[in-house]
Amino acid sequence: MVAAKVNQIIAAMTASCMSPQEIADKAGVSVNIVYRMRRGYLVKLERFGKVCRALGISPEQYIDYSRLEQRGGKEK
(Lines give C-alpha, C1' and ligand atoms only; values in the text may rest on other atoms or scores of the structure.)
Protein backbone atom coordinates (compact mmCIF):
# COMPACT_ATOMS: atom_id res chain seq x y z
CA MET A 1 0.00 0.00 0.00
CA VAL A 2 1.15 3.54 -0.70
CA ALA A 3 0.20 7.10 0.19
CA ALA A 4 0.15 10.07 -2.14
CA LYS A 5 2.02 13.31 -1.72
CA VAL A 6 -1.03 15.28 -0.64
CA ASN A 7 -0.24 18.73 -2.06
CA GLN A 8 0.86 17.36 -5.42
CA ILE A 9 -2.10 15.01 -5.81
CA ILE A 10 -4.55 17.79 -4.93
CA ALA A 11 -2.87 20.02 -7.53
CA ALA A 12 -3.17 17.26 -10.16
CA MET A 13 -6.83 16.68 -9.31
CA THR A 14 -7.52 20.41 -9.51
CA ALA A 15 -5.70 20.70 -12.84
CA SER A 16 -7.80 17.84 -14.24
CA CYS A 17 -10.97 19.96 -13.88
CA MET A 18 -12.82 16.79 -12.89
CA SER A 19 -14.85 16.13 -9.77
CA PRO A 20 -13.76 13.32 -7.46
CA GLN A 21 -16.62 11.21 -8.83
CA GLU A 22 -15.53 11.84 -12.42
CA ILE A 23 -11.94 10.88 -11.56
CA ALA A 24 -13.17 7.71 -9.88
CA ASP A 25 -15.38 6.80 -12.84
CA LYS A 26 -12.55 7.37 -15.31
CA ALA A 27 -10.16 5.32 -13.16
CA GLY A 28 -12.65 2.53 -12.51
CA VAL A 29 -12.36 2.82 -8.73
CA SER A 30 -14.70 3.96 -5.99
CA VAL A 31 -14.86 7.64 -5.14
CA ASN A 32 -13.68 6.63 -1.67
CA ILE A 33 -10.24 5.82 -3.15
CA VAL A 34 -9.99 9.31 -4.64
CA TYR A 35 -10.86 10.86 -1.28
CA ARG A 36 -8.36 8.60 0.53
CA MET A 37 -5.59 9.64 -1.84
CA ARG A 38 -6.49 13.29 -1.44
CA ARG A 39 -6.20 12.96 2.33
CA GLY A 40 -2.90 11.08 2.18
CA TYR A 41 -4.29 7.76 3.43
CA LEU A 42 -2.87 4.44 2.29
CA VAL A 43 -4.37 2.85 -0.81
CA LYS A 44 -3.53 -0.29 -2.76
CA LEU A 45 -0.89 0.07 -5.46
CA GLU A 46 -3.25 -0.98 -8.24
CA ARG A 47 -5.86 1.63 -7.34
CA PHE A 48 -3.21 4.32 -6.86
CA GLY A 49 -1.95 3.59 -10.37
CA LYS A 50 -5.44 3.66 -11.87
CA VAL A 51 -6.18 7.09 -10.39
CA CYS A 52 -2.83 8.46 -11.53
CA ARG A 53 -3.43 7.11 -15.05
CA ALA A 54 -6.87 8.76 -15.10
CA LEU A 55 -5.23 12.05 -14.09
CA GLY A 56 -2.50 11.64 -16.73
CA ILE A 57 0.30 11.71 -14.15
CA SER A 58 3.21 9.42 -13.37
CA PRO A 59 2.55 7.42 -10.17
CA GLU A 60 6.20 7.26 -9.10
CA GLN A 61 6.34 11.06 -8.84
CA TYR A 62 3.31 11.18 -6.51
CA ILE A 63 4.13 8.38 -4.05
CA ASP A 64 5.07 9.65 -0.60
CA TYR A 65 8.18 7.52 -0.13
CA SER A 66 8.91 9.04 3.28
CA ARG A 67 5.63 7.58 4.57
CA LEU A 68 6.66 4.16 3.27
CA GLU A 69 10.00 4.41 5.05
CA GLN A 70 8.22 5.34 8.29
CA ARG A 71 6.16 2.19 8.00
CA GLY A 72 9.30 0.16 7.41
CA GLY A 73 8.43 -0.50 3.77
CA LYS A 74 5.86 -3.11 4.79
CA GLU A 75 3.12 -4.04 2.36
CA LYS A 76 -0.26 -5.31 3.55
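One can find the structure itself at the top, above this paragraph.
So, here is what we can say about the structure in this document. (Residues numbered from 1 in each chain as written. Predicted model: local features only at pLDDT ≥ 70, side-chain atom pairs only at ≥ 80, totals over all residues. Heavy atoms only, no water.)

1. Some words on the overall build of the protein chain
For clarity, the cut-off: A helix here means a DSSP run of H or I that spans at least four residues, while a strand means a run of E at least two residues long, and both kinds are numbered starting from the N terminus. Here the radius of gyration uses the C-alpha set of atoms, whereas the globule reference equals 2.2 Å times the residue count to the power 0.38. We call a residue buried when its accessible area falls under 20% of the maximum for its residue type, exposed when it is over 50%, and partly exposed in between, using a 1.4 Å probe and counting protein chains only. We call two residues contacting when some pair of their heavy atoms lies within 4.5 Å. Only the protein chains shown count as cover for residues, and the accessible areas themselves come from Shrake-Rupley with a 1.4 Å probe. Charge assignment in this entry is limited to Lys and Arg as positive and Asp and Glu as negative, and neither His nor the chain termini are counted. Charged side chains are reduced to one point each, which is NZ for Lys, CZ for Arg, CG for Asp and CD for Glu.
Along the backbone of the protein chain there are 5 helices and 0 strands. In the protein chain, the succession of helices and strands from N to C terminus is α-α-α-α-α. Against the globule reference of 11 Å for 76 residues, the protein chain gives a C-alpha radius of gyration of 11 Å, in line with a compact fold. If one aligns the C-alpha atoms of the protein chain with their principal axes, the spans along those axes are about 35 × 20 × 20 Å. Relative to its full complement of 76 residues, the protein chain shows a buried share of 37%. For the protein chain, the share of sequence-separated contacts (at least 6 apart) that also reach a separation of at least 24 residues comes to 65%. In the structure as shown, the protein chain presents an accessible area of about 4600 Å², 49% of it carried by carbon and sulfur atoms. When the 13 basic and 7 acidic side-chain charges of the protein chain are each reduced to a single mean position, those positions are 6 Å apart.

2. Some remarks on unusual backbone geometry
Although it is not a glycine, Cys17 sits at a positive phi angle of roughly 60°. Mapped onto the elements of the fold, Cys17 is located in the loop between helix 1 (6-16) and helix 2 (20-27). Look at Cys17 and you get exposed, because its relative accessible area is 70%.

3. Quick look at the nonpolar core
Rules: The term nonpolar core refers to a set of buried residues drawn from Ala, Val, Leu, Ile, Met, Phe, Trp, Tyr and Cys, joined through side-chain atoms within 4.5 Å.
Ranked by size, the top nonpolar core spans 22 residues in total, and within it Ile9, Met13, Met37, Phe48, Val51, Leu55 and Ile57 carry the most contacts. Secondary-structure elements contributing two or more residues to this core are helix 1, helix 2, helix 3 (31-39) and helix 4 (45-55). Counting residues per element, this core draws most heavily on helix 4, at 5 residues. Excluding residues that lie within four positions of it along the chain, Val51 makes contacts with Met13, Ile23, Ala27, Val29, Ile33, Val34 and Met37.

4. Overview of the packing of helix 1 against helix 3
What counts, and what does not: In this description, a line fitted to the C-alpha atoms serves as the axis of each element, helices being fitted only across the stretch in contact, and the angle between N-to-C directions of two axes falls anywhere from 0 to 180 degrees. Working rule for angles: under 35 degrees goes down as roughly parallel, over 145 as roughly antiparallel, 65 to 115 as roughly perpendicular, anything else as oblique. Gly is put with the polar residues, along with every residue not named as nonpolar or charged; the nonpolar set is Ala, Val, Leu, Ile, Met, Phe, Trp, Tyr, Cys and Pro, and the charged set is Asp, Glu, Lys and Arg.
Viewed as axis vectors pointing N to C, helix 1 and helix 3 meet at an angle of 130°, and their least axial separation amounts to 7 Å. Relative to helix 3, the element helix 1 lies oblique. Between helix 1 and helix 3, the residues in contact are Val6, Ile9, Ile10 and Met13 and Val34, Met37, Arg38 and Arg39, respectively. Residue composition of the contact of helix 1 with helix 3, by class: 6 nonpolar, no polar and 2 charged.

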